[in-house]
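# Results of the structural survey
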Amino acid sequence: GLGDIILRQESFMLRAGKGKKPFLSWVLDIKIPIADEKKGLGTGKRDWGVGLSYIQPLGKTFQILGDASYRFMGDPAGIEFDDRLRLAAGFALVVNRIAYRALMENVTPPLDTVPVFDPSGGLTGASVKVEDRRVARLDLTFRSTRGGTSRFGGTKGLNDSSEDLGLFLEFSSGGR
């Protein structure tokens, strides 16, 4: 089934210019919970986040990337989620309006521990500690002449608390 939809607004506080002036932007987002909660695809609750994004150009083609954000989690019935901190760092190569990006991402878990189930689906009474979600992310970003972008890419989980593989597609509009 389909997952939730996240709407994101990014507003620049600094825009890169001549020399090595960085991009600095603040980001707001909201999750619209459309995923089927009964199938385990979502929580059915709205989340929202706020963060900062930093891009430091080091010449015409190489950039250092950094992101930090905090997500305020919606609590499904009977569960109280912890809010989550997301940190990401990486680099990009920019050639002819295309950015090739590689990032490492770490996200704190919404629960400290989770129950253990036996093979038949029954609770064992034990619980295990949940690790941070750690992924490597590769993507291509295509920038239009009017400032909008199309980004697609994939993720590879780096630990047991992460998905094995993930795919994503992002669109943004913007003007100059």
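This write-up is about the structure you can find in this document. (Residues numbered from 1 in each chain as written. Predicted model: local features only at pLDDT ≥ 70, side-chain atom pairs only at ≥ 80, totals over all residues. Heavy atoms only, no water.)

## Digging into the packing of aromatic side chains
Applying the stated rule across the entire model yields five aromatic pairs. Aromatic side chains Phe-62 and Phe-91 sit 5.8 Å apart centroid to centroid with 20 degrees between the ring planes, which places their arrangement in the stacked category. In this pair, Phe-62 is assigned in strand 4 (residues 62-72) and Phe-91 in strand 5 (residues 84-95), connecting sequence segments 29 residues apart. Both rings, one in Tyr-70 and one in Phe-72, keep their centres 5.0 Å apart while their planes meet at 70 degrees; by these two values the pair is edge-to-face. A relative accessible area of 34% places Tyr-70 in the partly exposed class. (Phe/Tyr/Trp six-rings, centres within 6.5 Å; stacked < 30°, edge-to-face > 60°. Helix = DSSP H or I, 4+ residues; strand = E, 2+ residues; numbered from the N terminus. Buried < 20%, exposed > 50% of the residue type's maximum accessible area, 1.4 Å probe, protein only.)

## Observations regarding the environment of Pro-115
Among the secondary structure elements, Pro-115 is positioned in strand 7 (residues 113-117). In this structure Pro-115 touches Leu-123, Ala-126 and Ser-127, once residues within four positions along its chain are discounted. (Contact = heavy atoms within 4.5 Å.)

## A closer look at the pattern of salt bridges
Within this structure, the stated rule accounts for 13 salt bridges. The partner of Arg-133 in a salt bridge is Glu-163, and the shortest N-O contact between them spans 2.9 Å. Here Glu-163 lies in the loop between strand 10 (149-157) and strand 11 (165-172) and Arg-133 lies in strand 9 (residues 133-143), a separation of 30 residues in the sequence. Among the residues examined, Glu-163 registers a relative accessible area of 28% and is labelled partly exposed. One salt-bridge network, held together by shared partners, links Asp-67, Arg-86, Glu-105, Arg-133 and Glu-163. (Salt bridge = Lys/Arg side-chain N within 4 Å of Asp/Glu carboxyl O.)

## Observations regarding unusual backbone geometry
Despite not being glycine, Asn-96 shows a phi value in the positive range, around 50 degrees. Following the sequence through the fold, Asn-96 ends up in the loop between strand 5 and strand 6 (98-107). One non-glycine residue, Arg-97, adopts positive backbone phi at about 65 degrees. Tracing the backbone shows Arg-97 in the loop between strand 5 and strand 6.

## What about the pairing of strand 8 (residues 123-129)?
Pairing geometry for strand 7 and strand 8, over four bridges, is antiparallel. Within the sheet, the bridge partner assigned to Val-114 lies in strand 8 and is Val-128. (Pairing = 2+ DSSP bridges.)

## Some words on the nonpolar core
Residues Ile-55, Leu-65, Ala-88, Ala-92 and Leu-103 constitute the largest nonpolar core, which totals five residues. Look past the residues within four positions of Ile-55 in its chain and what remains in contact with it is Pro-22, Phe-23, Gln-63, Ile-64 and Leu-65. (Core = buried A, V, L, I, M, F, W, Y, C linked by side-chain atoms within 4.5 Å.)

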